[in-house]
Amino acid sequence: MKTLSIDVRRAEPSDAREISEVHRAAWAQAYTGLIPHKPLTQMLERRNEHWWHKAAKGPATLLVLDVAGTIAGYATVGLNRAKALPQDGEIYEIYLRPEYQGVGLGRRLFGETRRLLKSLGCNGLVVWCLEDSENATRFFRRHGGHDMAEGMEDFDGAHLRKIGFVWG
């Protein structure tokens, strides 16, 4: 019997190509039809391998979900940017390749991001997602998030409502 290794670890610059691939696939699946085509395409092009290489060395914490040597997902975490909310931590992004969704790996990555923020002294956390992103809103509600805040994101003139889910 072969053992499958699943690990959540800090990203390294050498992970940039695979993180870029995860980003492209996950965002295309999640946002095609929600975010207008032009701004979505621009975001996907901007976050290329070079961008992720720099991000892996940057100030925000970038985690990857490594499944048997393949980067299946990533998350970026740091301090809460919404000063009106009392939570200390924020998960800026959390995404999986579409083919790795629905088997508990998102829960694993989410749990590790929460543990990391707590270990860094963060009391509570917030995650923002587009209101019309049904998979994301369902995931965060199922994992105990309370939608406590609202905001708007502008994508080339298209105003989309976002929800802030909070824990703790």
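You'll find the structure just up there.
**So, the sheet that holds strand β5 (residues 125-130)**
Here is step 1 of the chain: Pairing within the open sheet is mixed, and its seven strands lie in the order β1-β2-β3-β4-β5-β7-β6. Sheet topology places β1 (6-10) and β6 (146-155) at the edges, where each strand pairs with a single neighbour. Here the average twist between neighbouring strands, direction ignored, is 25°.
Here is step 2 of the chain: Here strand β2 (residues 61-67) runs beside strand β3 (residues 70-79); their pairing, made up of seven bridges, is antiparallel.

**Side note on the nonpolar core**
Here is step 1 of the chain: Counting 25 residues, the largest nonpolar core has Leu65, Ile91, Phe110 and Phe140 as the members making the most contacts within it.
Here is step 2 of the chain: Listed by contribution, the elements that provide at least two residues to this core are β2, β3, β4 (89-96), α4 (105-119), β5, α5 (134-142) and β7 (158-167).
Here is step 3 of the chain: The element that contributes the greatest number of residues to this core is α4, accounting for five residues.
Here is step 4 of the chain: Excluding residues that lie within four positions of it along the chain, Phe140 makes contacts with Ile94, Phe110, Val127, Cys129, Gly145, Phe165 and Trp167.
Here is step 5 of the chain: Judged by nonpolar contacts, the second largest core, of 21 residues, contains Ala11, Trp27, Leu62 and Tyr74.

**Quick word on the environment of Thr61**
Here is step 1 of the chain: Within the secondary structure, Thr61 sits in strand β2.
Here is step 2 of the chain: Overall, Thr61 belongs to the buried group, its relative accessible area being 12%.
Here is step 3 of the chain: When sequence neighbours within four positions are dropped, the list of residues in contact with Thr61 reads Arg10, Ala75, Thr76, Val77 and Leu116.

**Brief notes about helix α2 (residues 37-46)**
Here is step 1 of the chain: Turning to α2, its buried residues are Pro39, Leu40, Met43 and Leu44. For α2, the buried positions fall inside an angular range of 135° around the axis, keeping them on one side. Counted as exposed and oriented over 90 degrees from the buried face of α2: His37 and Lys38.
Here is step 2 of the chain: Elements that come into contact with the buried residues of α2 comprise α1 (16-31) and β6.

**Notes on the packing of α1 against α2**
Here is step 1 of the chain: Closest axis-to-axis distance for the α1/α2 pair is 10 Å, and the angle between their directions is 165°. Considered as vectors, α1 and α2 are oriented roughly antiparallel to each other. Relative to α2, the crossing made by α1 is right-handed. Touching His23, Arg24, Trp27 and Tyr31 of α1 are Leu40, Met43, Leu44 and Glu45, all from α2.

What counts and what doesn't
Residues numbered from 1 in each chain as written. Predicted model: local features only at pLDDT ≥ 70, side-chain atom pairs only at ≥ 80, totals over all residues. Heavy atoms only, no water. Pairing = 2+ DSSP bridges. Helix = DSSP H or I, 4+ residues; strand = E, 2+ residues; numbered from the N terminus. Axes fitted to C-alpha atoms, helices over the stretch in contact; angles between N-to-C directions. Core = buried A, V, L, I, M, F, W, Y, C linked by side-chain atoms within 4.5 Å. Buried < 20%, exposed > 50% of the residue type's maximum accessible area, 1.4 Å probe, protein only. Contact = heavy atoms within 4.5 Å. Arc of directions from axis to C-beta. Parallel < 35°, antiparallel > 145°, perpendicular 65-115°, else oblique. Left-handed = near helix turned anticlockwise from the far one by under 90°.

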